Amino acid sequence: MTPEGLERAARMVADSGLLAVSSGAGMSRESGIPTFRDAMEGLWARFDPQELATEAGFRANPRRVWSWYAWRRERVLNACPNPGHVAVAQLAEIVPELVVVTQNVDGLHADAGSRGVVEVHGSIRRVRCLDRGHAFTGELPPYTEGEEQDPPPCPVCGSPLRPDVVWFGEMLPVDAVQRAWSLAGRCGAMLLIGTSGTVWPAAELPLVARRSGARVIEVNPHPSELTHAADVFLQGPAGEVLPALLAAIRTAAR
Ligand code: OAD
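Residues numbered from 1 in each chain as written. Predicted model: local features only at pLDDT ≥ 70, side-chain atom pairs only at ≥ 80, totals over all residues. Heavy atoms only, no water.

A. Here's a closer look at the packing of aromatic side chains. Across all of its chains, the model carries three aromatic pairs by this definition. Measuring from centroid to centroid gives 6.2 Å for tyrosine 69 and tryptophan 167, while their planes differ by 50 degrees, and the two rings are tilted. A residue pair is termed long-range when its members are at least 10 positions apart, and tyrosine 69 in helix H5 (residues 62–77) and tryptophan 167 in the loop between strand E6 (161–165) and helix H8 (174–186) qualify at 98 residues. Accessibility expressed as a relative area gives 3% for tyrosine 69, which makes it buried. Chaining the aromatic ring pairs together yields one cluster made of Phe58, Trp68, Tyr69 and Trp167. Directly above the aromatic system of tryptophan 66 lies the positively charged group of arginine 73, at a separation of 5.2 Å from the ring centroid. (Phe/Tyr/Trp six-rings, centres within 6.5 Å; stacked < 30°, edge-to-face > 60°. Helix = DSSP H or I, 4+ residues; strand = E, 2+ residues; numbered from the N terminus. Buried < 20%, exposed > 50% of the residue type's maximum accessible area, 1.4 Å probe, protein only. Lys NZ or Arg CZ within 6 Å of the ring centre and 35° of its normal.)

The following block contains the structure:
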């Protein structure tokens, strides 16, 4: 990121009125949560997404899929928000209105203090049953690395429990989609953080914002499929760039 880029971005955020933040897996990378597509360690690099993140995959091998999510849930529950999450939460205190839309299922924005987070891909912290969608609020069995567990049965209908996340081929939660697309159409600026822009429809959000006249600021160590739509590209990790952007906005506001 360059000082000029930071300054331009700070002005866009300060002038935005409503600031939409749209985050992907890169937002949580510095909290120790691997991203899906990083070549070296991306989760998908080690697993076949069709085997794990689809209803068919779950029905074919519930034990494998349940255990993979139990492993990820354990990592999420032991993770802490990073300085990027904290900066986004603090930004909400200095701009007129800020709403976070995230593709992430880890809940770390809320842990950092962001309120009203729109989770377009659900939450790994929530569990429901496969056949009837009964929310499960009980205690889940503890998970230890390397073990395989069968999904517990729903106490209401007996069907296997599953994570309350969006699997490939599934519809996104209607209310989350309505809020996210409405925000993108109304915001004065969108802060696009840590997404490769390869998964639709979430990848459309910055394009909706841009078409509606909003400024788009991207934060990513690497160019993404959406960099072409950004007015400013702040190259670097979220945990470094976002605190620097927050400081630049505070300086500009003085
Ligand atoms: P990806 O793994 O596709 O992309 C992660 C992005 O984060 C890449 O552009 C990286 O360059 C960037 N990145 C890596 N480290 C970063 C850092 N420290 N700070 C900022 N950015 C960093 O993850 P997503 O775009 O979020 O969907 O993937 C979207 C969806 O793919 C996920 O929500 C999931 C998966 O299928 C569902 O589960 C439905």
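B. Representation of the sheet that holds strand E2 (residues 97–102). A sheet is described by the order of its strands in space; here six strands give the open sequence E3-E2-E1-E7-E8-E9, paired in parallel fashion. At either margin of the open sheet sits one strand with a lone partner, and together these are strand E3 (118–119) and strand E9 (232–235). Across five bridges, the pairing between strand E1 (residues 18–23) and strand E7 (residues 189–193) is parallel. Residue pairing in the sheet places serine 22 in a bridge with leucine 192 of E7. In this fold helix H1 (residues 3–14) packs onto E1, E7, strand E8 (215–220) and E9, with an angle of close to 125 degrees to the strand it touches most, E9. Against the sheet, helix H6 (residues 83–91) engages E1, E2 and E7, with an angle of about 145 degrees to E2. (Pairing = 2+ DSSP bridges. Contact = heavy atoms within 4.5 Å. Axes fitted to C-alpha atoms, helices over the stretch in contact; angles between N-to-C directions.)

C. Seen up close, the sheet that holds strand E5 (residues 135–136). Taken in spatial order, the three strands of this open sheet run E5-E4-E6, and their pairing is antiparallel. In the strand order of this sheet, the two ends are held by E5 and E6, each with one partner. Packing of H5 onto the sheet brings it into contact with strand E4 (122–129) and E6, and relative to E4 it is tilted by some 135 degrees.

D. Up close: the site of the ligand. In the region of the ligand, 24 residues are neighbours, and Ala25, Arg37, Thr195, Ser196 and Asn220 sit closest. Measuring from an oxygen atom of the ligand, one finds a backbone N or O atom of glycine 194 at 3.3 Å. In this structure, threonine 195 approaches the ligand through a side-chain N or O atom, which is 2.7 Å from an oxygen atom. Of the residues assigned to the shell around the ligand, the class counts are nine nonpolar, 11 polar and four charged. (Near = heavy atom within 4 Å. Polar contact = N/O pair within 3.5 Å; in protein donor to acceptor, adjacent residues only side chain to side chain. Nonpolar A, V, L, I, M, F, W, Y, C, P; charged D, E, K, R; others polar.)

E. Structural context of the pairing of E7. Extensive coverage of E7 is indicated by the burial of five of its five residues. Because side chains alternate across E7, one face comprises the buried residues Ala189, Leu191 and Ile193, and the other comprises Met190 and Leu192, equally buried. As judged from the five bridges shared by E7 and E8, these two strands associate in the parallel manner. Of the residues in E8, the one forming a bridge with isoleucine 193 is valine 219.

F. Expanded view of the nonpolar core. Leu191, Ile193 and Leu242 are the most contacted members of the largest nonpolar core, which has 29 residues in total. At the level of elements, H1, E1, H6, E2, E7, E8, E9 and helix H10 (238–253) are the ones that each hand at least two residues to this core. At seven residues, H10 tops the list of elements feeding residues into this core. Beyond its immediate sequence surroundings of up to four residues, leucine 191 is in contact with Leu19, Ala20, Val21, Ser22, Leu91, Ile217, Val219, Leu242 and Leu245. Membership of the second largest hydrophobic core comes to 25 residues, among which are Ile33, Val65, Cys154 and Trp167. (Core = buried A, V, L, I, M, F, W, Y, C linked by side-chain atoms within 4.5 Å.)

G. Geometry of the pairing of E4. Where E4 and E6 come together, five bridges link them in antiparallel fashion. Paired with cysteine 129 across the bridge in E6 is leucine 161. One ladder, built from two bridges, connects E4 with E5; its direction is antiparallel. Note that in E5 the partner of arginine 128 across the bridge is alanine 135. Counting the residues between successive antiparallel strands, the hairpin from E4 to E5 contains five residues, one of them, glycine 133, with a positive phi of roughly 75 degrees.

Note that every value here comes from positions in space, so none of it alone points to a role or purpose.
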